[in-house]
Amino acid sequence: MKLKHAIVALAALFGVAATGAEAQQAYPTRPITVIVPFAAGGPTDTVARLIAESMTKTLGQQVLVENVGGAGGTRGAGQVAKAAPDGYTLLIHHIGHVTAATLYRKLPYSVVNDFEEAGLITPVPMTIIGKPGMEPKNITDLIDYVKKNKEKVTYGNAGVGSASHLCGMLFMSKVGAQMTTVPYQGTGPAMNDLVGGQIDLLCDQTTNTTGQIRGGKVKAYAVTTKDRVKSLGDLPTLQESGMKDFEVTIWHGMYAPKGTPKDIMDKLNAALNTALEDPKVIARFADLGTEPEAKDRRSREFHKQFVASEVAKWKPIIEAAGVYAD
Ligand code: ASP
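It should be emphasised that the depicted structure is a prediction, and the values quoted were computed from it without experimental measurement.

**Student:** I would appreciate a short explanation of helix α3 (residues 74–81) in the present structure.
**Tutor:** Side chains of residues three or four places apart in an α-helix project in the same direction, reflecting 3.6 residues per turn. By the criterion of burial, α3 is predominantly enclosed, with six of the eight residues buried. Those residues of α3 that sit buried are Thr74, Gly76, Ala77, Gly78, Val80 and Ala81. Buried residues along α3 sit in contact with β1 (32–36), β3 (89–94), α4 (96–103), β4 (115–130) and β9 (249–257).

**Student:** Any chance you could explain the state of the cysteines here in plain terms?
**Tutor:** In a disulfide, the sulfur atoms of two cysteines are held together by a covalent bond. According to the stated counting rule, one finds one disulfide in the structure shown. Two residues, Cys167 and Cys203, share a disulfide whose sulfurs are 2.0 Å apart. On the sign convention where negative is left-handed, the bridge of Cys167 and Cys203, at about 75° about the S-S bond, is right-handed. In this pair, Cys167 is assigned in helix α6 (residues 163–175) and Cys203 in strand β7 (residues 201–205), connecting sequence segments 36 residues apart. Of the two residues, Cys167 and Cys203, both sit in the buried class.

**Student:** Quick question: what am I supposed to make of the pattern of salt bridges here?
**Tutor:** In a structure, side chains of opposite charge can pair up when their charged atoms sit close to one another. Following the criterion strictly, the structure yields 20 salt bridges and no others. Linking Arg49 and Asp45 is a salt bridge whose minimum nitrogen-to-oxygen distance equals 2.9 Å. One end of the pair is Arg49 and the other is Asp45, both in helix α2 (residues 43–59) and four residues apart, which spans about a single turn. Here Asp266 and Arg300 are joined by a salt bridge, their closest N and O atoms 3.2 Å apart.

**Student:** What exactly am I supposed to notice about the pairing of β7 here?
**Tutor:** Side-chain direction in a regular strand flips from residue to residue, so the side chains alternate between the two faces of the sheet. Across the five residues that make up β7, a large majority, five, are buried. Relative to β7, β4 runs antiparallel, the two sharing five bridges. Residue pairing across strands places Ile129 opposite Leu202, the latter belonging to β7. As judged from the two bridges shared by strand β5 (residues 154–157) and β7, these two strands associate in the parallel manner. Looking at the pairing, Tyr155 lines up with Leu201 of β7.

**Student:** It is not clear to me how the confidence of the model for the protein should be interpreted in this structure. Could you clarify?
**Tutor:** Detailed reading of the predicted coordinates is not advisable wherever pLDDT is low. Predicted confidence across the protein gives a mean pLDDT of 91, with 92% of residues reaching 70 or more. In the predicted structure, residues 1–24 sits below a pLDDT of 50 and forms three contacts with residues beyond four places in sequence or in another chain.

**Student:** How do you make sense of the packing of aromatic side chains when you look at a structure like this?
**Tutor:** What characterises a pair of aromatic rings is the spacing of the ring centres plus the angle enclosed by the ring planes. A full pass over the atoms with the stated rule returns five aromatic pairs. For the ring pair Tyr109 and Phe115, a centre distance of 5.7 Å and an interplane angle of 85° mean the geometry is edge-to-face. Here the aromatic rings of Phe302 and Phe306 are separated by 5.8 Å at their centres, their planes lie at 20°, and the arrangement is stacked. Of the two residues, Phe302 and Phe306 both sit in helix α11 (residues 300–321), four residues apart, roughly one turn of that helix. Note on accessibility: Phe302 and Phe306 belong to one class, buried. Of the aromatic side chains, those joined through ring pairs into one cluster are Tyr109, Phe115 and Tyr255.

**Student:** Looking at this model, I keep getting lost on the site of the ligand. Mind explaining?
**Tutor:** Around the ligand, the neighbouring residues are Phe38, Pro43, Thr44, His94, Ala158, Ser162, Ala163, Ser164, Gly186, Thr187, Asp204 and Gln205. At 2.5 Å, a side-chain N or O of Thr44 approaches an oxygen atom of the ligand. Protein chains bury 100% of the 270 Å² of accessible surface belonging to the ligand in isolation. Elements supplying a minimum of two residues to the shell around the ligand: α2, α6 and β7. Split into classes, the residues belonging to the shell around the ligand amount to four nonpolar, seven polar and one charged.

Definitions and limits used
Residues numbered from 1 in each chain as written. Predicted model: local features only at pLDDT ≥ 70, side-chain atom pairs only at ≥ 80, totals over all residues. Heavy atoms only, no water. Buried < 20%, exposed > 50% of the residue type's maximum accessible area, 1.4 Å probe, protein only. Helix = DSSP H or I, 4+ residues; strand = E, 2+ residues; numbered from the N terminus. Contact = heavy atoms within 4.5 Å. Disulfide = S-S within 2.5 Å. Salt bridge = Lys/Arg side-chain N within 4 Å of Asp/Glu carboxyl O. Pairing = 2+ DSSP bridges. pLDDT = per-residue confidence, 0-100. Phe/Tyr/Trp six-rings, centres within 6.5 Å; stacked < 30°, edge-to-face > 60°. Near = heavy atom within 4 Å. Polar contact = N/O pair within 3.5 Å; in protein donor to acceptor, adjacent residues only side chain to side chain. Areas by Shrake-Rupley, 256 points an atom, 1.4 Å probe, with all protein chains shown as cover. Nonpolar A, V, L, I, M, F, W, Y, C, P; charged D, E, K, R; others polar.

Now the structure itself:
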């Protein structure tokens, strides 16, 4: 009797082990959805679609992008936090993921505890751009113009905590004047309105603005990084224009719901790293004014501690500014 029990137990154990190993080896066996927490056609969407295309090749299953915009990216991130931790629902988000931890008083998930980090993707510069025919000729004129016209100047953003919101706030604090905010579900639709002349200004990632700047569809004023952006060579930095310490770079990362098995997370990190070595991705990033995240910052461990340190870094800055959303 005892022996029989032992044999049954062993068989069960091996059975489970074999099924578990098989399941993990086989991952993914069906399409994966990557949620982008902003509208289609914007910069985060552009980054996510490039990465998804490359990961589809590596993983042998479709990696599909779904746009869930709203509330500065917290709607989409919240959906992923509550999804099944099986590797089939992922998130690609940017710096707004960590600022939301402090900006949103009633965030229905924990930025630090409800996700598994799959790896960092790319640090993207931003640009200050205006509608076609915008009066100020250069960034110095624009600063004077905003000082003079204050609330009469409209600027689009992707909601509280979005990259465009943070950049706009910093710009207004340096200029010392408030403009009127026009929120969108992402800067894809904000860009349409800028090109159409419905809003005056936008601060957005080069992954969305490069094409419009080169095509002469918008007026370009400055880049937000310390150094000029190679692909936008003649645009001055805000620092050159007298705004000391104005430096904004928008880092992006990939996440899965907390509890997603380690083997799956490791597989996702490897596929993401392959994407960041993909010549097509590297070339497109370069064309859009960015590059893959540095090699020594691509591990899951780095991403995890980076998220925690960025939450801690932004907390006092946001608290001092006293800006919150419910
Ligand atoms: N660039 C946007 C932001 O301001 C988001 C997007 O539409 O990708 O956060």
